[in-house]
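Each chain is listed here by its residues.
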Amino acid sequence: MKKRVPTLEQFAKIVRTNKRRLERLYEELGYARYLMYAAQGIDYSKPNVQHSTPQFDKITIDLDRIDRIEKKIAYYESFNVLWTKWQKKMTPRETDVFHKCYMQDKAVVDISAELQVSNVRIYGLIGQLEAKYEEFTKENSQYL
């Protein structure tokens, strides 16, 4: 995976879809392991024919696939740890705004109507969240 720190919006989207993504990755990992154990190795007893397609070692291809999937799983599981830490960082009002803005994709006007505060206050809270997230990514850079 690329070592690029996600923005707050990307972080929320990853966390929001993380459960389904991890389920799919675990299914893919199980299938890749099945393919590895079902694959035949290279038959070295056959003579090598010139100008023919080369024989591929399917087991090493499957091992590479398994390794790639396991790295993705580790990357996305680290977001569960980050999500727990991020929830502890926010105040109750910031938590409400975060869930409504980033997790539910509601507009600022709708959020301000639900929470009965002005649009300016919502924008201020979103700015506070983004500033906190910048500090949060610096503190937890080992997970990202």
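First, a word on scope: everything that follows refers to the structure included in this document. (Residues numbered from 1 in each chain as written. Predicted model: local features only at pLDDT ≥ 70, side-chain atom pairs only at ≥ 80, totals over all residues. Heavy atoms only, no water.)

Here we come to the nonpolar core. Side chains of nonpolar character tend, in soluble globular proteins, to be buried together. Formed by 34 residues in total, the largest nonpolar core has its most connected members in L8, F11, W86, F98, Y102 and L129. Looking at this core, the elements with two or more residues in it are α1 (8-38), α2 (58-89), α3 (92-103), α4 (108-115) and α5 (119-139). Looking at this core element by element, the count peaks at 10 residues for α1. Look past the residues within four positions of Y102 in its chain and what remains in contact with it is L8, E9, A12, R16, V97, I126, L129 and E130. (Core = buried A, V, L, I, M, F, W, Y, C linked by side-chain atoms within 4.5 Å. Buried < 20%, exposed > 50% of the residue type's maximum accessible area, 1.4 Å probe, protein only. Helix = DSSP H or I, 4+ residues; strand = E, 2+ residues; numbered from the N terminus. Contact = heavy atoms within 4.5 Å.)

On to the packing of α2 against α3, then. Interhelical geometry of α2 versus α3 gives an angle of 130 degrees and a closest axis separation of 9 Å. Taken together, the axis directions place α2 and α3 in an arrangement best described as oblique. Across the interface between the two elements, W83, W86 and K89 from α2 touch E94, F98, H99 and M103 from α3. Of the residues in the contact of α2 with α3, the class split is four nonpolar, one polar and two charged. (Axes fitted to C-alpha atoms, helices over the stretch in contact; angles between N-to-C directions. Parallel < 35°, antiparallel > 145°, perpendicular 65-115°, else oblique. Nonpolar A, V, L, I, M, F, W, Y, C, P; charged D, E, K, R; others polar.)

Moving on, we come to the packing of α3 against α5. Running from N to C, α3 and α5 point in directions that differ by 95 degrees, and their axes come no closer than 10 Å. Taken together, the axis directions place α3 and α5 in an arrangement best described as roughly perpendicular. Listed contacts from α5 to R93, E94, V97, F98, C101 and Y102 of α3 are I122, L125, I126, Q128, L129, E130 and K132. Here the residues of the contact of α3 with α5 sort into eight nonpolar, one polar and four charged.

Quick look at the environment of R33 now. With respect to the secondary-structure elements, R33 resides in helix α1. The residues contacting R33, other than those within four sequence positions of it, are I66 and E70.

For the structure shown, the criterion picks out 14 aromatic pairs. Taken together, the aromatic side chains of F11, Y75, Y76, F79, W83, W86, F98, Y102, Y133 and F136 make up a single cluster linked through ring pairs. Just above the ring of Y76 sits the side chain of R21; from NZ or CZ to the centre is 4.4 Å. (Phe/Tyr/Trp six-rings, centres within 6.5 Å; stacked < 30°, edge-to-face > 60°. Lys NZ or Arg CZ within 6 Å of the ring centre and 35° of its normal.)

This part covers unusual backbone geometry. Glycine aside, negative phi is the norm for most residues, and most peptide bonds take the trans geometry. At D105, a position not held by glycine, the phi torsion is positive, near 55 degrees. Examined against the element boundaries, D105 turns out to sit in the loop between α3 and α4. Phi is positive for Q116, close to 55 degrees, though the residue is something other than glycine. Note on placement: Q116 falls in the loop between α4 and α5.

Further remarks concern the pattern of salt bridges. Counted by the stated rule, this structure contains eight salt bridges. Close ionic contact of R65 with D62 constitutes a salt bridge, the shortest N to O distance being 3.2 Å. On the criterion of helical spacing, the pair formed by R65 and D62 is a turn pair, its members being three residues apart in helix α2. Overall, the relative accessible area of 7% leaves D62 in the buried class. The partner of D67 in a salt bridge is K71, and the shortest N-O contact between them spans 3.6 Å. Within this pair, D67 and its partner K71 are both found in helix α2, separated by four residues, close to a single helical turn. One network of salt bridges, in which partners are shared, links K100, K106 and E114. (Salt bridge = Lys/Arg side-chain N within 4 Å of Asp/Glu carboxyl O.)

From the geometry alone we can't say anything about function, so treat these as descriptive.
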